[in-house]
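# Close look at the chain arrangement
Residue strings, one per chain:
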Amino acid sequence: MSEHSANPSTATAASGRPRAVKAVIPAAGLATRFLPATKAVPKELLPVVDRPVLQYIVEEAAQAGIDDVLLITGRGKTSMVDHFDRRPDLEERLEKKPELLAAVRRSEELAAIYTVRQPEQLGLGHAVGYAESHVGDAPFAVLLGDEFVKQSEPLLPAMLELQARTGGVVLAFFEVDPAETKRYGIASVEPAEAELTDIGEIVKVTGMVEKPKPEDAPSNLAVLGRYVLPSRIFDAIRRTEPGSGGEIQLTDAMELLRKEGVPVHAIVYRGTRYDTGMPLGYLQTVVQIAAEREDLGSEFRKWLAEFVNSDAAGGSGT
Ligand code: G1P
C-alpha cells in the first residue's frame, strides 16, 4: 500500500482523492436462520474452525490497510466487542503456549474497534446510516458481517483504489443462478472504459434493484457484501423510503445517488466468496477453510473423502 500515507486522515490514492480508511460492519441482525444457536451467541461469532466469522471480516479490512472498524450492533451482541478486547488474565495463563498466545493477541491487535447501536432493525440502509458521525465526510467501506472472501484473492484493495479514482460508489458483483435473484441486490451494467483488475472486470452500473423476482431481474449479477461509499450516501439514506421487505435498503439509497449523477462502478469478482449467512453456506465455508488449513487440512481432506464415499454419507460404500 505505497499510496497509504502515515496519517490515516489524509491517506490518498494515486488519483490524489482521499482513500477510505474506515470500515463499517453492520451486525445488529437477529440471525433467525440460525436459531436456537443465535439466541445467546451473535451469528457473527459462530466459529469457522477456530476463529469467529467476524474475525475473518476484520482481518480482510486490516489486510487492505483499514484498521478503524465500526460495528453497528444491537441488543444481545456486546460479546462481539469482547472478542477484540485485551484479555490480560488469559494472556498470562498462555505464557508457556506461544502459538495460542499469538492467536489471542492477534485478535486484539487487528484493528481499533468502535461500536454504535442500531436500536431498531429497519434495514441495511438504516443500519449504515448510524455510521455517519463516526465516518464524517470521508469515503468509507461497508463489510457485511456474514460473508468474506478468500485471503489470497483480496477484493477490497482494488475497490478502495477504484473509489479513490471515481469518487463515487464502488461495488463488487458475483454471478448467481437466475432463480436466486430474490436473495440479493441485482444490477444492470455496461462495460467501463477502465481496465481489468487482477481479480475481475470493472463495469459501470446502469441500475440496481433489491431482491427482484427472477422475471424482473435486470441480470444475474448480484451485489456482494462489500461496498466503498462516498459520505453523500448518508443524505441519500435519509431520503430513502422503505423498499423490499418494508426495510430501508442500501441498494435503494445507492440507486438514488446513481440517478442523481454519482458514478457507480463495480468489480465482477472472480475469486472465492464465503457466505455464512445461512446454514448450508456456513457448513460449506467451514469445510473449505478446514480443508485448506496447513495444520489440519491434510488429515481433514483424507477423512472427508472417506466419509463422502461411505454408507453414512449415502456414497458408494467402498
Ligand atoms: C444484503 C443486501 C443485498 C446483497 C446481499 C449480499 O442482503 O441488501 O443487496 O446482495 O446483502 O449478501 P441480505 O443478505 O442482508 O438480505
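Look a little higher up for the structure.
Our subject in this report is the structure included herewith. (Residues numbered from 1 in each chain as written. Predicted model: local features only at pLDDT ≥ 70, side-chain atom pairs only at ≥ 80, totals over all residues. Heavy atoms only, no water.)

Looking now at the overall build of the protein chain. Check the secondary structure of the protein chain and you find 11 helices and 13 strands. Over its C-alpha trace the protein chain gives a radius of gyration of 20 Å, about what one expects of a compact globule, namely 20 Å for 318 residues. When burial is assessed residue by residue, the protein chain has 46% of its 318 residues classed as buried. When contacts within the protein chain are restricted to residue pairs at least 6 apart in sequence, long-range pairs at least 24 apart make up 75% of them. Accessible area of the protein chain: about 15700 Å², with a carbon and sulfur share of 52%. Of the side-chain charges in the protein chain, 35 are positive and 47 negative, and the distance between the mean point of each set is 3 Å. (Helix = DSSP H or I, 4+ residues; strand = E, 2+ residues; numbered from the N terminus. Rg over C-alpha atoms; globule rule 2.2 N^0.38 Å. Buried < 20%, exposed > 50% of the residue type's maximum accessible area, 1.4 Å probe, protein only. Contact = heavy atoms within 4.5 Å. Areas by Shrake-Rupley, 256 points an atom, 1.4 Å probe, with all protein chains shown as cover. Lys, Arg positive; Asp, Glu negative; His and termini not counted. Charge placed at Lys NZ, Arg CZ, Asp CG, Glu CD.)

With that out of the way, let us pick up a nonpolar patch on the surface. A contiguous nonpolar surface patch, about 290 Å² in accessible area, is contributed by Trp303, Phe307 and Val308. Topologically, Val308 is positioned in helix H11 (residues 297–308). The exposure class assigned to Val308 is partly exposed, which follows from its relative accessible area of 46%. (Patch = residues over 30% accessible without salt bridge, like charges linked within 9 Å, V, L, I, M, F, W, Y side chains within 5 Å. Salt bridge = Lys/Arg side-chain N within 4 Å of Asp/Glu carboxyl O.)

Once that is clear, we can look at helix H4 (residues 98–109). Look at H4: 16 Å from first C-alpha to last across 12 residues, which is about the 16 Å you get at 1.5 Å a residue. Those residues of H4 lying buried are Leu101, Val104, Ser107 and Glu108. On an axial view of H4, the arc spanned by its buried residues comes to 125 degrees, and they lie on one face. Turned more than 90 degrees off the buried face of H4, the exposed positions are Pro98, Glu99 and Glu109. (Expected span 1.5 Å × (residues − 1). Arc of directions from axis to C-beta.)

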